[in-house]
Amino acid sequence: MLYPTADSWLTAASKRITLFGMSGLGKTFLANMLRHDAGWFHYSIDYRIGTRYMGEYITDEYKRLAMQHPTLRELLMSDSIFIGSNITFENLAPLSTYLGKPGNSDQGGLPFAEYRRRQDQHRTAEIAALLDTPYFCERAKGLYGYDNFICDSGGSICEVVDPNDPDDPVMKALSEETLLIWIEGSDAHTAELCRRFDRAPKPMYYMPEFLTAKWTEYLETNGQTQEQMNPDAFVRWTYAQALAHRQPRYAAMAKWGVTIKAEEVMQVRTPADFDALIAKAIQRQA
């Protein structure tokens, strides 16, 4: 482990961490606090995916839609207009919208084959973005002079690694350059996340085997065809099962680093609070 003792963490001249866990438990809150209040370099995996690795897919989809409109087609073909996405750390809507949901096309759904294609694109992009972490650690220090570095990973990180494989390339790269920190939620947090998702279901990435099994099960259980399926109904039905599927994978990843509780994150107000929390987590792990 990069910081084997609490003292080695507290006295480190350079702190480098990767946060992981379910979306909505405080990863981005901590990243923003450390960036704004303590001058940490913030590397967002989702932002990197949406700009570097899937940016062309996203803008090409917008252009494809524009080409269906005669006026926009003429302007686009004559280079009179520019079409692009405006992804930020706080607004990843272009990425999630492109990822989409499967189901009835009249309700905004994608054919399952196209949905799987975009899921595969996301998997490739996420792995590449995670493997870029060592490069950004070096870039943050060498180019910009940042001593401290935080990798803010997406909720689907556990779907693209094998934490039980000591030679997993992503886990090795992350653990060699950063301290892996799992933000563990409780059953109450899971229930609240499900309530939030039910109010506003969003696209997300699933492991291929899990997605195919749930897609088949949903169609058979409800006696529906792809075109009859409500896209929101499918992702709502799948969400809680996806969280349950991810939990043991997060726990296995935590063996590569340390664990902090979501309740503990809620008590963090300053970078000093965060340092103390991580020191405590290292002591617990030891």
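Further up the page is the structure itself.
Residues numbered from 1 in each chain as written. Predicted model: local features only at pLDDT ≥ 70, side-chain atom pairs only at ≥ 80, totals over all residues. Heavy atoms only, no water.

1. Describing the overall build of the protein
When helices and strands are counted, the protein shows 14 helices and five strands. Radius of gyration (C-alpha) of the protein: 20 Å, near the 19 Å computed for a compact globule of 286 residues. Along the three orthogonal principal directions, the C-alpha set of the protein runs to about 65 × 50 × 35 Å. In the protein, which comprises 286 residues, the share counted as buried stands at 48%. (Helix = DSSP H or I, 4+ residues; strand = E, 2+ residues; numbered from the N terminus. Rg over C-alpha atoms; globule rule 2.2 N^0.38 Å. Buried < 20%, exposed > 50% of the residue type's maximum accessible area, 1.4 Å probe, protein only.)

2. Description of the packing of aromatic side chains
Here the structure, examined in full by the defined rule, presents 23 aromatic pairs. Judged by centre distance (4.9 Å) and plane angle (85 degrees), the ring pair of Tyr 47 and Phe 89 falls under edge-to-face. Highlighted residues: Tyr 47 in helix α3 (residues 45-53) and Phe 89 in the loop between α5 (70-77) and α6 (93-99), separated in sequence by 42 residues. Residue classification places Tyr 47 among the partly exposed residues on the basis of a relative accessible area of 30%. We classify Phe 89 as partly exposed; its relative accessible area is 25%. Here the aromatic residues Phe 41, Tyr 43, Tyr 135, Phe 136, Tyr 144, Tyr 146 and Phe 149 are joined through ring pairs into a cluster of three or more. Lying across the ring of Trp 9, Lys 15 places its NZ or CZ 5.3 Å from the centre. (Phe/Tyr/Trp six-rings, centres within 6.5 Å; stacked < 30°, edge-to-face > 60°. Lys NZ or Arg CZ within 6 Å of the ring centre and 35° of its normal.)

3. Quick look at the pattern of salt bridges
Summed over all chains, the structure comprises 17 salt bridges. Asp 198 is the partner of Arg 236 in a salt bridge, and the nearest nitrogen-oxygen pair spans 3.3 Å. With Arg 236 in helix α12 (residues 231-254) and Asp 198 in helix α10 (residues 187-199), the pair connects residues that are 38 residues apart, well separated along the chain. For Lys 214, the salt bridge goes to Glu 217, with nearest N and O atoms at 3.3 Å. (Salt bridge = Lys/Arg side-chain N within 4 Å of Asp/Glu carboxyl O.)

4. What about unusual backbone geometry?
Although it is not a glycine, Asp 79 adopts a positive phi angle of roughly 60 degrees. Along the chain, Asp 79 turns up in the loop between α5 and α6.

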